[in-house]
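Letter by letter, the chains look like this.
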Amino acid sequence: MNVEQFLGLLEAHPQQALRIVLPNGEAVAPHFHITEVGHVAKSFMDCGGTRRKTESCLLQTWVYSDVDHRLETAKLANILRIAGDVLPSLDLPVEIEHETGVVSQYPVTAGSSDGHTLTLTTGLKHTACLAMDLCCAPAAVVATTAPLTTADKPRVKAGSCCSPTSGCC
């Protein structure tokens, strides 16, 4: 879900409580705060020599001892509007950063309302080889779903999948 869709969801359900459900089915404590709205940009080179870039809008949650605190949809929409100049685009995917033992980032995948509470569902992020077409035999190539921008042409020739002589890893 991108920022524009996320804002639309918040605005379509004004004055509702917010609930964030993590991929394991557990919910973030209802008295969470949003302590940061960030634009995260990652520039990197994959193992095949292609330069890539990913970007997201990261909402950091924080749970404190003030158990009476509740963040509603209209307040979160206002926080996002205030932070608007930090975000270069409303097309950025929205991710929730939450700590339960370790700090993790979860993409927001869906939202649904029961009339009183807007539940935000999150998914998992996964690692993958982004140069499988260069490193692996054609039968081993799988498609990636991550939005990527390519700035360079790959410089590594195709070989057997991740063999010591393939040059990909």
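Every chain's residues receive numbers from 1 upward, in the order its sequence appears when written. pLDDT decides what is reported in this predicted model: residues at 70 or higher carry local features, side-chain atom pairs at 80 or more are listed and counted, and totals for whole chains, interfaces and linings draw on all residues regardless. Side-chain calculation: all heavy atoms of the structure are included, whereas hydrogens and water are not.

Novice: How would you sum up helix α1 (residues 3-12)? Please name residues and give values.
Specialist: For every residue, the accessible area (1.4 Å probe, protein chains only) is compared with the maximum for its type, and the residue is labelled buried under 20%, exposed over 50%, or partly exposed between those bounds. Secondary structure counts use DSSP, requiring at least four H or I residues in a row for a helix and at least two E residues in a row for a strand, with both numbered from the N terminus. All of the buried residues along α1 are Val3, Phe6, Leu7, Leu9 and Leu10. One side of α1 carries all its buried residues, which in axial view fall inside an arc of 160°. Among the exposed residues of α1, those oriented more than 90 degrees off its buried face are Glu4 and Ala12. Against β1 (17-21), β3 (51-63), α2 (73-82), β4 (94-100), β5 (102-113) and β6 (117-122) lie the buried residues of α1. For the purposes of these results, a polar contact is taken to be a pair of N or O atoms within 3.5 Å, where, inside protein, one atom must be able to donate a hydrogen and its partner to accept one; residues adjacent in sequence count only when each atom of the pair is a side-chain atom. Where α1 begins, the capping side chain belongs to Asn2, and its oxygen is found 3.1 Å from the backbone nitrogen of Glu4. Each C-beta atom gives one direction from the helix axis, and the arc is the one those directions make. Pairs of residues are marked as contacts when any of their non-hydrogen atoms sit within 4.5 Å.

Novice: Explain the nonpolar core to me, and be specific about the residues and the numbers.
Specialist: To qualify as a nonpolar core, a set must consist of buried Ala, Val, Leu, Ile, Met, Phe, Trp, Tyr and Cys residues joined through side-chain atoms within 4.5 Å. Counting residues in hydrophobic clusters, the biggest one holds 27 residues, and the most contacted among them are Phe6, Leu10, Leu18, Val37, Cys57, Leu59 and Leu80. Elements supplying a minimum of two residues to this core: α1, β1, β2 (32-45), β3, α2, β4, β5 and β6. Cys57 has contacts with Val3, Val37, Gly38, Leu80, Leu87, Leu92, Pro93, Val94 and Glu95, leaving out every residue within four places of it along the chain.

Novice: Go over unusual backbone geometry, please, and point to the residues and values.
Specialist: Residues other than glycine seldom take positive phi values, yet Gln15 does so here, at roughly 60°. Structurally, Gln15 can be placed in the loop between α1 and β1.

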